[in-house]
Amino acid sequence: MPNREERTMQRLNPILLPIVTMFYWFSVYTYVPIFPPYLNQMGLSLSVVGLVLGSYGLTQMIVRIPIGIAADRTGRRKPYVIAGLLVGTLSSAGFALFPAPALALLWRSLAGVAAGAWVAYTVMFARFFSSDEAPRAMSLLSYYASLGQMIAMLLGGILAGQFGIHFVFVIAACGGVIGLFIALWLQETPKRATEKPPSLLRMAADPRTLRASLLAALAQAVTFTTLFGFTPIKAAHLHATHAQLGELTVLSTLPNALAGYLSSRPFMQRFGPRKLVTFGFLLSAVATLAIPYSTSMIWLFITQAFNGLGQGICMPQLMGLSIRHVREDLRATAMGFFQAVYSIGMFGGPVLVGLISRTSGLRGGFVAISLISLLGALASFITLRIYETKPYPRTSS
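Under an unreviewed UniProt entry, the name given to the protein is Major facilitator superfamily (MFS) profile domain-containing protein, and the organism recorded is Ferroacidibacillus organovorans. In its Subcellular location (unreviewed entry) section, UniProt records this for the protein: "Cell membrane".

Colleague: Can you walk me through the overall build of the protein in this structure?
Modeller: Counting its regular elements, the protein contains 15 helices and 0 strands. Within the protein, the fraction of its 397 residues that count as buried is 57%. Sequence-distant contacts, at least 24 apart, represent 86% of the contacts inside the protein between residues at least 6 apart.

Colleague: Please explain the side chain of threonine 21 as it appears in this structure.
Modeller: Here threonine 21 is to be found in helix α1 (residues 4–29). Apart from the residues within four sequence positions on either side, threonine 21 is in contact with Trp118, Tyr121, Leu141, Tyr144 and Ala145.

Colleague: Any chance you could explain a nonpolar patch on the surface here in plain terms?
Modeller: On the surface, a nonpolar cluster with roughly 430 Å² of combined accessible area is contributed by Ile298, Trp299, Ile302 and Phe306. Judged by relative accessible area, isoleucine 298 falls into the exposed class, the value being 58%.

Colleague: Help me understand the packing of aromatic side chains in this model?
Modeller: Each aromatic ring pair is described using two quantities: the centre-to-centre distance and the angle formed by the ring planes. All chains considered together, the criterion is met by 19 aromatic pairs. Each residue in the set Tyr24, Trp25, Tyr29, Tyr56, Trp118, Tyr121 and Phe224 is aromatic and connected to the rest through ring pairs, giving one cluster. Positioned above the aromatic ring of tyrosine 56, the side-chain terminus of arginine 108 is 4.1 Å from the ring centre. In this structure, arginine 274 is placed above the aromatic ring of phenylalanine 381, and the distance from its NZ or CZ to the ring centre is 3.9 Å.

Colleague: Mind showing me how you'd approach the side chain of arginine 274 here?
Modeller: Within the secondary structure layout, arginine 274 lies in helix α13 (residues 266–290). Given a relative accessible area of 7%, arginine 274 falls into the buried group. Separated by 2.7 Å, the side chain of arginine 274 and the backbone oxygen of phenylalanine 381 make a polar contact.

Colleague: Would you explain the packing of helix α10 (residues 207–223) against helix α15 (residues 331–383) in this entry?
Modeller: Angle between the axes and distance between the axes: these two values describe a pair of packed helices. As a packed pair, α10 and α15 sit with axes 2 Å apart at the nearest point and diverge in direction by 25°. The pairing of α10 with α15 is recorded here as roughly parallel in orientation. A class-by-class count of the residues in the contact of α10 with α15 yields 19 nonpolar, 9 polar and 1 charged.

Colleague: So what exactly am I meant to see when it comes to the environment of isoleucine 69 here?
Modeller: Looking at where isoleucine 69 falls in the secondary structure, it is placed in helix α3 (residues 46–74). Sequence separation of isoleucine 69 and glycine 336 is 267 residues, and the distance between their C-alpha atoms is 7.5 Å.

Colleague: How do you make sense of empty space enclosed by the protein when you look at a structure like this?
Modeller: Empty space among the atoms can be located by rolling a probe the size of a water molecule over them. By the definition in use, this model includes 3 cavities of 30 Å³ or more. Size it by volume and the largest cavity reaches roughly 370 Å³. Around the largest cavity, the lining comprises 26 residues; the ones closest to its centre are Tyr29, Gln149, Gln220, Asn256 and Met315. When contributions to the lining of the largest cavity are tallied by element, the ones reaching two or more residues are α1, α3, α7 (134–163), α10, α11 (226–237), α12 (242–262), α14 (297–323) and α15. Of the residues in the lining of the largest cavity, the class split is 14 nonpolar, 11 polar and 1 charged.

Colleague: Could you clarify how one ought to interpret unusual backbone geometry in this entry?
Modeller: Outside of glycine, negative phi angles account for most residues, and trans bonds account for most peptide bonds. Of note in this structure, histidine 239 is not a glycine but carries a positive phi near 65°. As for its placement among the helices and strands, histidine 239 is situated in the loop between α11 and α12.

What counts as what
Going along each chain's sequence as written, the residues are numbered from 1 onward. A pLDDT threshold of at least 70 governs which residues receive local features in this predicted model, and a stricter bar of 80 or more applies before side-chain atom pairs are shown or counted, although totals over entire chains, interfaces and linings include all residues. Only hydrogens and water are set aside when side-chain values are computed; all heavy atoms of the structure are taken into account. UniProt positions are given in the numbering used here, feature names are shortened, and annotations may be inferred rather than shown by experiment. For helices the rule is a DSSP run of H or I covering at least 4 residues; for strands it is a run of E covering at least 2, with both sets numbered from the N terminus onward. Relative accessibility decides the category of a residue: with a 1.4 Å probe and only protein chains considered, values under 20% of the type maximum give buried, values over 50% give exposed, and everything between is partly exposed. Note on contacts: a residue pair qualifies if any of its non-hydrogen atoms lie within 4.5 Å across the two residues. Patches here are clusters of residues that have more than 30% relative accessible area and form no salt bridge, with a 9 Å joining cutoff for like charges and a 5 Å cutoff for nonpolar side chains (Val, Leu, Ile, Met, Phe, Trp, Tyr). The Shrake-Rupley method, run with a 1.4 Å probe, gives the accessible areas here. Residue values count only the displayed protein chains as cover. Note on definitions: salt bridges are taken to be side-chain nitrogens of Lys or Arg within 4 Å of carboxyl oxygens of Asp or Glu. The criterion for an aromatic pair is that two Phe, Tyr or Trp rings (for Trp, the six-membered ring) have centres within 6.5 Å, with stacked assigned to planes under 30 degrees apart, edge-to-face to planes over 60 apart and tilted to the rest. Two conditions define a charge sitting above a ring: the NZ of Lys or the CZ of Arg must be within 6 Å of the ring centre, and it must be within 35 degrees of the ring normal. Counted as a polar contact is a pair of N or O atoms within 3.5 Å, where, for protein atoms, one must be capable of donating a hydrogen and the other of accepting one, and residues adjacent in sequence contribute only when both atoms are in side chains. In this analysis an axis means a line fitted to C-alpha atoms, helices contributing only their contacting stretch, and an angle means the value between N-to-C directions, from 0 to 180 degrees. With respect to orientation, any angle under 35 degrees is reported as roughly parallel, any angle over 145 as roughly antiparallel, any angle of 65 to 115 as roughly perpendicular, and every other angle as oblique. When residue character is reported, Ala, Val, Leu, Ile, Met, Phe, Trp, Tyr, Cys and Pro are called nonpolar, Asp, Glu, Lys and Arg charged, and the others, Gly included, polar. Using only the protein atoms, space was sampled on a 1 Å grid; points where a 1.4 Å probe fits but cannot get out form cavities, open sets with protein on both sides within 12 Å along at least five of seven lines form pockets, and lining residues are those with an atom within 4 Å of a point. Grid points are joined across faces, edges and corners, and a volume is the space filled by probe spheres set on the points.

Shown next, in the form of structure tokens:
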């Protein structure tokens, strides 16, 4: 039985965790606006830039399922929340202290390991809501994550213009340290799984989890080749300043955050996940196709605003659907699988565009990703029909 002080801290968890979430993403996103052009200016080719950018998704893909299984077996999420902040801080500090081109892959890979802890954040936050409210919980948490990313990237662009990119890496590491301190105050009552977590094969065989995971992989391929990938390089070709690069990512992240917040209840109740996800993919497809044809920063700002809106509609819905039918004590495993699968898109998207850009230029890469987003819209329209007819029962796998 928790004492009075512990009960008070548990009531503060729904307030503290969103704050920790914002600093968590701050530690790995502050330098994102100027990172792709920075890599390009270091002398790395577009294909190598794509590899470095994709490594962020590759390491997430590797660590997320083990983190989910371990979190369910121990019944604890807080240690992984703290570990994510610690590794994210180490990654940014590495860029600041050892900025050699040869180490860029290592430091960005570590950022991916840090982001792998997102499994623990999502499941810990979902405990504050009922099972049927899982999509709403994920929309709210996505709102806080986007808010942290938006503040980080806006500040990063401004600071890079004033003090240089190395100072931005220092600020990112400082944000991680602040998040670590606040995370220590989180309270958690361990809740072990009452049965052995389902195997990877069983998880992959569940059409509900697999469907949401594959659609999310397509969505993340779009996000990490545009918003957090090659769009800043396109902006650099248009002679964008560091401040404009920060503004570019903010203009994509702000609609993303607003979409996540609004779709947590009013739009979810009115339209349902099938229509929302389909519309989000279509919006991103059009916006992505327009990127290579943008002739000024104003047009590029517009494309990224609509792209961010589309992604902000898609991802929270898919995240919620991936655990909607899963018992609370097994949700970290399910979320680990979901996030590991969508990390394929985070890795594959940038690598694909990097390779295509070697022969067809950036325009060819953006067109390819636009087609992937159209594929996501079609797949969503067909496969998410079930959520308009009957709810899935809650099961253990």
